[in-house]
Amino acid sequence: MMNFALIGIGAGAAAALLFASVISGALLSIPLFYLAPLPIMIAGLGWGHWAALIAAGLALGTVFFFGFLADAGIPACWLGYLAMLARPLAAAGNGPQQPPLEWYPIGRIVMWAAILAAMVVIVAIPNFGTDAQTFNAGLHDALTRMLRAQMNAPDGPLTLPGGADPERFINFMVAVMPPTAAILAMLTSLLNLWLAGRVVKFSGRLTRPWPDLSALRSPPLLAIVLALAIALSFADGLLGIVARVVCAGLLMAYAVLGFSVLHAVTRGLNGRPFVLAGIYLAVLLVSWLILAICLLGLIDTVIDVRALVARKTNTPTPS
């Protein structure tokens, strides 16, 4: 017990320091801030969920505590717990041999990452306002202050490079920031979980077999929730803002599924690394192409693209 308690305390201290680094305002503090869940996930994957809980509960100050817990502690602890969740496939016999384990599906972990990312953003919305008008005004003022600080223009008219209209730019950021924050929170959670898994696997403490990420499957219920979120995203007021946040997180879940499909269907293809690298580069350069990847993930949920390609090419289907 003392072992995982010490690990939890150390991981919590490291996570809290990474989370607090953003206060310095240094450019390096931004990636360090997003790596805050990593020590908690390492503790959870390597030493169990109690170590992760101790790490998640360790923070400095009341305001810092709740911010740390909501943004880094709870998502990291829950995703790490799910990653190590397993059940026996068959009842254990009288012999010494343990039955094989069925591990919690990676597709559902991606779904949880999307849900938690949306919840983190939704919980932060009341900091700016409790209705759409006050929220937009509060976020507008916060972005204006941030922009003035970056441009070193505390007073007077605000000017942007290239003669861009600052008011139009800020209004655009107000519209796109909540969904973008959900996307960023989800991707950083998954990246931290992947890094934690690699670290713990390298140390020899990872008891779960490394999953085949090309076999990732999405729960069918997720498509229904996404359809509902898309419909509600056209609503006025705070409901529409919240729905757009949920929609952004779930769409990224299907983007992850779409990339999983691409990795599966390109198996056995000559020049596969170059094909995949070209697709990733194209998505980075032309951001709207991510919608095509999301669509591929949605289509695979309905008609199982991987199975169709496998039958035509006589390649095994990831399971």
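Residues numbered from 1 in each chain as written. Predicted model: local features only at pLDDT ≥ 70, side-chain atom pairs only at ≥ 80, totals over all residues. Heavy atoms only, no water.

Enquirer: Would you mind going over the overall build of the protein with me for this structure?
Expert: Secondary structure summary: the protein contains 13 helices and two strands in total. Counting all 319 residues of the protein, 38% fall into the buried class. The contacts in the protein between residues at least 6 apart in sequence include a share of 69% that link residues at least 24 apart. Within the structure as shown, the protein displays about 17,900 Å² of accessible surface, and the carbon and sulfur contribution to it stands at 71%. (Helix = DSSP H or I, 4+ residues; strand = E, 2+ residues; numbered from the N terminus. Buried < 20%, exposed > 50% of the residue type's maximum accessible area, 1.4 Å probe, protein only. Contact = heavy atoms within 4.5 Å. Areas by Shrake-Rupley, 256 points an atom, 1.4 Å probe, with all protein chains shown as cover.)

Enquirer: Looking at this structure, I do not really get the packing of helix α7 (residues 132–151) against helix α8 (residues 166–203). What am I missing?
Expert: Put simply, α7 and α8 touch, their axes get as near as 9 Å, and they point 120 degrees apart. With respect to α8, the element α7 is oriented oblique. As for how α7 packs across α8, the hand of that crossing is right-handed. Mapping the contact onto sequence places F135, N136, L139, H140, L143, T144 and L147 in α7 and E167, F169, I170, N171, M173, V174, M177 and P178 in α8. The residue inventory of the contact of α7 with α8, partitioned by class, reads 10 nonpolar, four polar and one charged. (Axes fitted to C-alpha atoms, helices over the stretch in contact; angles between N-to-C directions. Parallel < 35°, antiparallel > 145°, perpendicular 65-115°, else oblique. Left-handed = near helix turned anticlockwise from the far one by under 90°. Nonpolar A, V, L, I, M, F, W, Y, C, P; charged D, E, K, R; others polar.)

Enquirer: Looking at this model, I keep getting lost on the side chain of H140. Mind explaining?
Expert: Residue placement: H140 occurs in helix α7. In contact with H140, not counting residues within four places along its chain, are E167, I170, N171 and V174.

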